[in-house]
Amino acid sequence: ARDAYAAELLRRFATRAFRRPVDERKVTQLVGIACQVFAQPGKTFEEGIARAMMAVLGSPRFLFRIEDAEPAAAATAYVPIDEYALASRLSYFLWSTMPDDALFKLAERGELRRDLPAQVKRMLADPKAQAFVRNFTGQWLQARDVEFVPINARAALGPNAPRNRDGRVEFDSAFRKLMRSETEMYFDYIIKEDRSVLDLVDSDFTFLNERLAQHYGVPNVTGDAMRLVKLSA
């Protein structure tokens, strides 16, 4: 019964870690690792399970996203990835993390590819999609550099640069984060509202709060909250 319970625990853990069902041979191997530990004098069942979990977390099947293909004829030019690999691609792209139970269950039933549009819509509406916005704009537009790149604020921003009460040019970390948030909120709005990609190069709106608006010379924006602001011609 103890070995059966170890198999149950490790099968569930390895399936999540490998992002696809784990074969019985691997489960047996993991149970063997656990047994070698907790069979020793002074060792506990939990210590054995922990050692087997360490083996899972050191496996290439956890560290890398292994993509298996669907069964196909030898002459097939392009073989699609299987549904579990599709679930991982989708989840790490939009959420920067592993698939959730809904994606796992669809992949298990072989229905994910057929339900893909609905799943994309569901995932983009989830708060976890903010990881996509932050990471994509961070790489594509290098928005993540805004917070850390060295800058001579006086030289870069000129005489109209925002200043603190002492008259010094103000370009602190909080202001940099606001600028990054503007970019991320703008991109998120384009996606969530399904707007034209042309808005990325020609639009009459952005996201500002009072401090950013003053820096850009945009009137009639008050308060600390970032919000959609229409721009004049």
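About the thresholds
- Each chain has its residues counted from 1, following the order in which its sequence is written.
- With the structure being a predicted model, the display of local features is reserved for residues of pLDDT at least 70 and the display and counting of side-chain atom pairs for 80 or more, all residues being used for whole-chain, interface and lining totals.
- As a rule here, side-chain values come from all non-hydrogen atoms in the structure, and water together with hydrogens is ignored.
- Segments assigned H or I by DSSP are reported as helices when at least four residues long, segments assigned E as strands when at least two residues long, and all are numbered from the N terminus.
- For the radius of gyration, the atom set is restricted to C-alpha positions; the globular benchmark scales as 2.2 Å times the number of residues to the power 0.38.
- To sort residues, take the accessible area from a 1.4 Å probe on protein chains only and compare it with the maximum for the residue type: under 20% means buried, over 50% means exposed, and anything in between is partly exposed.
- Two rings from Phe, Tyr or Trp (for Trp, the six-membered ring) form a pair when their centres sit within 6.5 Å of each other. Planes less than 30 degrees apart are called stacked, planes more than 60 degrees apart edge-to-face, and all others tilted.
- Salt bridges are defined as contacts in which a side-chain nitrogen from Lys or Arg sits within 4 Å of a carboxyl oxygen from Asp or Glu.
- Pairing between strands requires that DSSP locate at least two bridges from one strand to the other.

Participant: What exactly am I supposed to notice about the overall build of the protein chain here?
Facilitator: The number of helices and strands found in the protein chain is 11 helices and two strands. Each helix and strand of the protein chain, placed in order from N terminus to C terminus, yields the pattern α-α-α-α-α-α-α-α-α-α-β-α-β. What you see for the protein chain is a C-alpha radius of gyration of 26 Å, clearly larger than the 17 Å of a compact globule of 233 residues, by over 25%. Projecting the C-alpha coordinates of the protein chain onto the three principal axes gives extents of approximately 75 × 55 × 30 Å. Counting across all 233 residues of the protein chain, residues that qualify as buried make up 36%.

Participant: Would you explain the packing of aromatic side chains in this entry?
Facilitator: Two aromatic rings are characterised by how far apart their centres lie and by the angle between their planes. The full count for this structure, using the stated rule, is 11 aromatic pairs. Relative to Phe45, the ring of Tyr5 lies with its centre 5.8 Å away and its plane at 10 degrees, an arrangement referred to as stacked. Taken together, the residues span a long stretch of sequence, with Tyr5 in helix H1 (residues 2–18) and Phe45 in helix H3 (residues 45–57) at a distance of 40 residues. According to the relative accessible area criterion, Tyr5 is partly exposed, its value standing at 42%.

Participant: Sorry, what's going on with the pattern of salt bridges here?
Facilitator: Any two side chains of opposite charge can pair if their charged atoms end up close together. Evaluated as defined, the whole model comprises 19 salt bridges. One salt bridge in this structure joins Glu70 and Arg113, with 3.5 Å as the shortest N-O distance. Remark: Arg113 occurs in the loop between helix H6 (101–109) and helix H7 (116–125) and Glu70 occurs in the loop between helix H4 (60–63) and helix H5 (83–94); sequence separation between them is 43 residues. Assessed through its relative accessible area of 33%, Arg113 is described here as partly exposed. Taking the shortest distance from any N to any O, the salt bridge between Arg134 and Glu147 comes out at 3.6 Å. Of this pair, Arg134 sits in helix H8 (residues 130–140) while Glu147 sits in the loop between H8 and helix H9 (153–157), placing them 13 residues apart in sequence. Overall, Arg134 belongs to the partly exposed group, its relative accessible area being 37%.

Participant: Just checking my understanding: could you explain unusual backbone geometry for this structure?
Facilitator: Most peptide bonds take the trans form, and the phi angle of most residues other than glycine is negative. Even without being a glycine, Asp194 presents a positive backbone phi close to 55 degrees. With respect to the helices, strands and loops of the structure, Asp194 is situated in the loop between helix H10 (173–192) and strand S1 (205–208).

Participant: How should I be thinking about the pairing of S1 in this particular structure?
Facilitator: Walk down a regular strand and you will see the side chains alternate between the two sheet faces. Along S1, one buried face is formed by Phe205 and Phe207 and the opposite face, lined by Thr206 and Leu208, is buried too. Of the pairings in the sheet, the one linking S1 to strand S2 (residues 227–230) comprises four bridges and is antiparallel in character. Residue pairing in the sheet places Phe207 in a bridge with Leu228 of S2.

These results come straight from atomic positions and should not be treated as a statement about function.
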